[in-house]
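The chain contents come next:
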Amino acid sequence: MKRNLFGGEVRIIPKLILYFILIVFSLIYIEPVLYIISTSFKNYADLVDPTAKWIPKEGTLVNFMYALEELKVIPQFTRDKTFWETISSSPMFLSVMTSVPAAAIQTVTCALAGYGLAKLKVPCKKALIVLLVFNYIVPPQATFIPMAWVFRNLKLVNSPLAFIVPALFGNGLKSSLFILIYMQFFRKIPNELEEAALIDGAGYLRLFVKVMFPLAKSARTTVFLFSLVWHWNETYLTRVLYPSLNTMSTIISTVKEDSNFAYWAGSNYNIMQVKMASCLLLIGPMLIVYLFTQKQFTESIERTGIVG
């Protein structure tokens, strides 16, 4: 291998170029998050001060106090409401109750569909895969009218089951992508393992429950985290299918200036800091989840072969 005058390998230059590109792209993705964090802790003086662009000179928690009050993140218990009525009115609680069950159900049902397409002899399998890809790339706005008609006939509009029932039948939010992820994973499992279980007398359903699904830990992690984040951030379908549901992603648009904020912040204020604090409260739970599952998530991305 060729070496330069200093004894180092010539390949150091391509690596430096690669690292430079990775750092630049990382900053492009990280910069908005850093801006949200920085602005949410600023007061009005820091906001108009060009020298305090990233680090506030006088940090404040007033923006978070007002955002918590406006978004009703912390339930306020009163005598005229029961415990369940108070809890169920919290957007944070509603977001959790909408996202977690739907993501958990999708993780199972999409695995069953992906296993069938990967290992079983399904009629018109190639045509079904093409339809899955087509269903994923078509925006939901294009299928709004037939989807609303189906949900209305099934009496699922403005119902707590608006996201649960589609996920139960493998047709929830982004289910096409999740089925393709599972299909790609199950194709990598040797057929000998499946044949050995069938010889021992196991049926296909038992084979899936006892062998295939436990082996799909990496794919399960990927699908669950993706589904959780997409359900948590969903606004369009929430407005269409469940307009009375106030989740964190939908109620954040209602944050505005009023007399209450003047009480918290005084006469010199700007609603920009409060909106940034509200955004941080929205993405905070997902950042915490990723923080604890970072290792499993990166391993699952490598093993499932997701690119792009």
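Structural data are supplied above this passage.
Concerning the overall build of the protein chain
Inference 1: Of regular secondary structure, the protein chain possesses 16 helices and 0 strands.
Inference 2: Taken over 308 residues, the protein chain has a buried fraction of 36%.
Inference 3: Taking the contacts inside the protein chain whose residues are at least 6 apart along the sequence as the reference set, 68% of them involve residues at least 24 apart.
Inference 4: Within the structure as shown, the protein chain displays about 19300 Å² of accessible surface, and the carbon and sulfur contribution to it stands at 67%.

Some points on unusual backbone geometry
Most peptide bonds take the trans form, and the phi angle of most residues other than glycine is negative.
Inference 1: We note that Lys155 has phi near 60°; this positive angle belongs to a residue other than glycine.
Inference 2: The phi dihedral of Lys174 falls on the positive side, at around 60°, and the residue is not glycine.
Inference 3: Along the polypeptide, Lys174 turns up in the loop between α8 (164–168) and α9 (175–187).
Inference 4: We classify Lys174 as partly exposed; its relative accessible area is 33%.

Quick notes on the side chain of Thr250
Inference 1: The residue Thr250 is located in helix α14 (residues 248–251) in this model.
Inference 2: Looking at Thr250, the relative accessible area reads 2%, which means it is buried.
Inference 3: In this structure, Thr250 is in contact with Glu234, Thr235, Thr238, Arg239 and Leu245, ignoring residues within four places of it in sequence.

Details of the environment of Lys210
Inference 1: Relative to the elements of secondary structure, Lys210 occurs in helix α11 (residues 204–215).
Inference 2: Its relative accessible area of 61% is what places Lys210 among the exposed residues.
Inference 3: As for Lys210 and Ala197, which are separated by 13 residues in sequence, their C-alpha atoms are 9.5 Å apart.

A few points about the nonpolar core
Inference 1: By size, the foremost hydrophobic cluster in this structure holds 27 residues, and its most contacted members are Tyr182, Phe186, Phe208 and Met212.
Inference 2: Where this core is concerned, the elements lending two or more residues are α5 (91–119), α6 (125–137), α9, α11 and α12 (217–233).
Inference 3: Of all the elements, α9 adds the most residues to this core, at 9 residues.
Inference 4: Not counting the four nearest positions on each side in its chain, Phe208 is found in contact with Val108, Ala111, Leu112, Tyr115, Phe186, Phe213 and Pro214.

Quick look at the packing of aromatic side chains
Inference 1: Inspection of the entire model under this criterion finds 10 aromatic pairs.
Inference 2: Centroid distance Phe185 to Phe186: 5.8 Å. Interplanar angle 70°. Geometry classified as edge-to-face. Residue Phe185 shares its accessibility class with Phe186, and that shared class is buried.
Inference 3: Three or more aromatic residues joined by ring pairs make a cluster, and in this case those are Tyr115, Tyr182, Phe185, Phe186, Phe208 and Phe213.
Inference 4: Lying over the aromatic face of Trp230, Lys174 brings its terminal NZ or CZ to 5.6 Å of the ring centre.

Parameters and conventions
Residues numbered from 1 in each chain as written. Predicted model: local features only at pLDDT ≥ 70, side-chain atom pairs only at ≥ 80, totals over all residues. Heavy atoms only, no water. Helix = DSSP H or I, 4+ residues; strand = E, 2+ residues; numbered from the N terminus. Buried < 20%, exposed > 50% of the residue type's maximum accessible area, 1.4 Å probe, protein only. Contact = heavy atoms within 4.5 Å. Areas by Shrake-Rupley, 256 points an atom, 1.4 Å probe, with all protein chains shown as cover. Core = buried A, V, L, I, M, F, W, Y, C linked by side-chain atoms within 4.5 Å. Phe/Tyr/Trp six-rings, centres within 6.5 Å; stacked < 30°, edge-to-face > 60°. Lys NZ or Arg CZ within 6 Å of the ring centre and 35° of its normal.

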